[in-house]
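# Close look at the chain arrangement
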Amino acid sequence: MAHDHSTPKPATLTARKSGGLQGVARTPGDKSISHRALIFGGLALGKTEISGLLEGEDVLNTARAMARLGAAIVKDQDGLWRVTGVGVGGLAEPDDILDMGNSGTGVRLLMGLVAAYPFASFFTGDASLRKRPMARVMKPLAEMGARVIARQGDRLPACVIGAAEPLPIDYTLPVASAQVKSAILLAALNTPGRTTVIEPEPTRDHTERLLRYLGASVRVEEQNGARIIAIDGQPELVARPIAVPADPSSAAFPLVAALLTPASKLTLPGVGLNPLRTGLLTTLREMGADIAITDEREAGGEPVGDIVVQTSRLRGVEVPAARAPSMIDEYPILAVAAACAEGITRMQGLGELRVKESDRLAAIAQGLAAVGVKAEINGDTLTVHGRGKAPGGATVAARLDHRIAMAFLVLGGVADSPIAVDDAHMIDTSFPGFVALMNDLGAAIS
Ligand code: S3P
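Residue numbers restart at each chain and count upward from 1, following the sequence in its written direction. The predicted origin of the model limits local features to residues at a pLDDT of at least 70 and limits the giving and counting of side-chain atom pairs to 80 or more, whereas totals for whole chains, interfaces and linings rest on all residues. Here the side-chain values reflect all heavy atoms present in the structure, with hydrogen atoms and water set aside.

### Structural notes on the domain arrangement of the protein chain
As far as domains go, the protein chain holds domain 1 (13-29 + 245-445) and domain 2 (31-242). Domain delimitation in this document rests on an assignment produced automatically or drawn from a domain database. Measuring from the centre of the C-alpha atoms in domain 1 to the corresponding centre in domain 2 gives 28 Å. The salt bridge definition used is simple: a Lys or Arg side-chain nitrogen within 4 Å of an Asp or Glu carboxyl oxygen. Counting the contacts that link domain 1 with domain 2 gives three salt bridges. The partner of R132 in a salt bridge is E357, with the nearest N and O atoms 4.0 Å apart. A run of H or I in DSSP becomes a helix once it reaches four residues, and a run of E becomes a strand once it reaches two; helices and strands are each numbered from the N terminus. Counting residues per element, the ones that place at least two in the side of domain 1 that touches domain 2 are β17 (302-310) and α11 (402-412). Three classes are used, and their members are as follows: Ala, Val, Leu, Ile, Met, Phe, Trp, Tyr, Cys and Pro are nonpolar, Asp, Glu, Lys and Arg are charged, and the others, Gly among them, are polar. In the side of domain 1 that touches domain 2, the residues fall into 13 nonpolar, seven polar and nine charged.

Structure follows, in structure tokens:
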């Protein structure tokens, strides 16, 4: 089964108008942190106990890959995942292809991890992942001494032959990408000396936080808005319990559904509030959303809190390009909110959306057009003409993209006529139980 790409039968789902959404929406664990918890747990000495792990396909593929690299990973009766690490420098050559499924994060982080080990690792993924560019990680990893051979130059399948004597580098990120930053920091772990990553635009810092939490020396300096991240190689990572917060990128779907559906009020407990992830909350509040945050606290080195959201009248806003890294996965659902707002919403700096699980820029614009919402793309800018409601009455192509599928099912819940999504099986990559949860809250998805 390791690299079986027989895709499950397409699952068409249809969302219809429903009454208000009410109750407590417990959304699954953060995808970014879940990948990292398994990877760093696999390196730490001792047993890392992980609570709240996202059990979505993307993360399960990372668990399988870490097991092939030598970590012992089990889910126990008590619901906790326990990872017995091998120590930095202790990974073993995998005896089969590492199939990362749909996950760009999984493959890019692991390519970085193995780049500083003197063995060969083969990677592949599903039809969506095999289209995505890997040059962004291949370039810095080559500078550190790894060799990467990839189909068509930088597409999966790819083979990473790790460096026997990896070199520390100073690298300025040419794209704002936490995946690329993390790949370099992971390679730096088994590299003697100090590796430095310079981020002109800050991106999510879960890698830095978790590495520090487990005992690595990671120093971050800010200079004119840029971040300079320096890590000392060959640290001893020591196992500590990791509590994974609820994923703000998943919470975004019920949250926006509640804003748009009349007579709704939802509580979303324990959601991650890392300031490098909260661009959507900022934007929705500017649009007029009634969102309250209570009981702010820390868990596993990350800020979390409970979110209370109520039906709100939204108006169109300008979303600046500088905000894109802090809400990069939220544009599909923001576009849905914008469609139901009054007035124009202009979102700038969306170039990276073209290389996500699908070309999300095109997928959003075509989906909106199909359901009767006026939207246009101009370079890297998406403009949505909100009219307070959406006509609906169409089927939207999900393009192997979980977030496109969920966003349009949310829109279907408030559109004049139902909206269908042609293939919703990818939702399981990040949000298993999405349909059941939404229907429990009052939605009508079948
Ligand atoms: C992620 C980084 C982002 C994001 C992805 C998760 C991560 O990708 O879109 O869902 O966990 O590091 P990029 O780094 O490519 O922007």
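### Structural notes on the confidence of the model for the protein chain
Residue-level confidence of the predictor is summarised by pLDDT, bounded by 0 at the bottom and 100 at the top. Per-residue confidence for the protein chain averages 97 on the pLDDT scale, and 98% of its residues sit at or above 70. Within the protein chain, strand β16 (residues 290-299) has the poorest average pLDDT of any element, 96, and strand β7 (residues 120-124) the best, 99.

### Considering α11
With respect to burial, α11 is a largely interior element, eleven of its eleven residues being buried. Throughout, exposure labels follow a simple rule: accessible area from a 1.4 Å probe, protein chains only, divided by the maximum for the residue type, with under 20% read as buried, over 50% as exposed, and the rest as partly exposed. For α11, the complete set of buried residues consists of H402, R403, I404, A405, M406, A407, F408, L409, V410, L411 and G412. Pairing of N or O atoms within 3.5 Å defines a polar contact, subject to two protein rules: one partner must be a possible hydrogen donor and the other a possible acceptor, and residues neighboring in sequence count only if both atoms are side-chain atoms. Two to three positions downstream of the cap, the backbone nitrogen of R403 sits 3.0 Å from a side-chain oxygen, assigning the N-cap of α11 to D401.

### Considering the site of the ligand
Close to the ligand lie K31, S32, R36, T105, A176, S177, A178, Q179, R204, I328, D329 and K356. Residue K356 places a side-chain N or O atom 2.7 Å away from an oxygen atom belonging to the ligand. A total of 390 Å² of accessible area belongs to the ligand in isolation, and the protein chains cover 96% of it. At the level of elements, α1 (31-43) and α5 (178-189) are the ones that each hand at least two residues to the shell around the ligand. In terms of residue count, the dominant contributor to the shell around the ligand is α1 (three residues). The class makeup of the residues in the shell around the ligand is three nonpolar, four polar and five charged. Structurally, the shell around the ligand is a two-domain feature, drawing no fewer than three residues from each of domain 1 (13-29 + 245-445) and domain 2 (31-242). The criterion for a residue being near a molecule or strand is simple. One of its heavy atoms has to lie within 4 Å of it. For the area figures, the Shrake-Rupley method with a 1.4 Å probe applies, and any residue is considered shielded solely by the protein chains shown.

### With respect to the pairing of β17
Taking burial as the measure, the nine residues of β17 include eight buried ones, the bulk of the element. Here strand β15 (residues 265-272) pairs with β17 via six bridges, running antiparallel. Each bridged residue has a counterpart across the sheet, and for G272 the counterpart in β17 is V304. When β16 meets β17, the two strands line up antiparallel, connected through eight bridges. For A292, the partnering residue across the bridge sits in β17 and is V308. In textbook terms, the turn of a hairpin is the stretch between consecutive antiparallel strands, and for β16 and β17 this stretch comprises two residues, one of which, G300, has a positive phi near 55°. Any two strands with at least two DSSP bridges between them are considered paired.

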